[in-house]
Amino acid sequence: MSAFDEFDQERQAIDSLLLQGYTVTGIFEDLDGAKVRFIRREPAGEPIELLLLTADARKHVTTLIFGGSKPAAPIETHT
């Protein structure tokens, strides 16, 4: 799998959780990657942890946090 495909899978998982009403409540980095904790307030649910292995996915999460936690619109490609 290419590096972009790995990032894209992680980005889709992040965006999917945000679209379901989850918000980021914590990021814990170590040598294995970044564990991002999400929680949904309404309806209340158990926290979900997502392990991000790619640097680009970690950048995506921090960009969303500082930008208001809204996932980006799908990228359109023109050929």
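Keep in mind that what you see is a predicted model, and the values were worked out from it rather than measured. (Residues numbered from 1 in each chain as written. Predicted model: local features only at pLDDT ≥ 70, side-chain atom pairs only at ≥ 80, totals over all residues. Heavy atoms only, no water.)

A. Here's a closer look at a nonpolar patch on the surface. Among the surface-exposed residues, Ile27, Ile65 and Phe66 lie close enough to one another that they form a single nonpolar patch of about 320 Å² accessible area. Its place among the elements puts Ile27 in strand E1 (residues 22–30). On the basis of relative accessible area, Ile27 is assigned to the partly exposed category, the value being 33%. (Patch = residues over 30% accessible without salt bridge, like charges linked within 9 Å, V, L, I, M, F, W, Y side chains within 5 Å. Areas by Shrake-Rupley, 256 points an atom, 1.4 Å probe, with all protein chains shown as cover. Salt bridge = Lys/Arg side-chain N within 4 Å of Asp/Glu carboxyl O. Helix = DSSP H or I, 4+ residues; strand = E, 2+ residues; numbered from the N terminus. Buried < 20%, exposed > 50% of the residue type's maximum accessible area, 1.4 Å probe, protein only.)

B. Representation of the environment of Ala55 in the model. Summarising the element assignment, Ala55 is placed in helix H2 (residues 55–67). As a C-alpha pair, Ala55 and Gly33 span 22 residues in sequence and 8.3 Å in three-dimensional space.

C. Inspection of the confidence of the model for the protein chain at higher detail. Model confidence for the protein chain is summarised by a mean pLDDT of 87, while 86% of its residues fall at 70 or above. The least confident element of the protein chain is H2, whose mean pLDDT is 92; the most confident is strand E3 (residues 48–52), at 97. (pLDDT = per-residue confidence, 0-100.)

D. The arrangement of the sheet that holds E3 in detail. Across the sheet, which stays open at both edges, the three strands sit in the order E1-E2-E3 with antiparallel pairing between neighbours. What marks the edges here is a single partner per strand, and that holds for E1 and E3. Averaged over all pairs of adjacent strands, the angle between their axes in this sheet comes to 25°, without regard to strand direction. Across eight bridges, the pairing between E1 and strand E2 (residues 33–40) is antiparallel. Among the inter-strand pairings, Asp30 is bridged to a residue of E2, identified as Gly33. Against the sheet, helix H1 (residues 3–19) touches E1, E2 and E3, its axis set at about 160° to E3. Along the sheet face, H2 touches E1, E2 and E3 and points at about 135° away from the line of E1. (Pairing = 2+ DSSP bridges. Axes fitted to C-alpha atoms, helices over the stretch in contact; angles between N-to-C directions. Contact = heavy atoms within 4.5 Å.)

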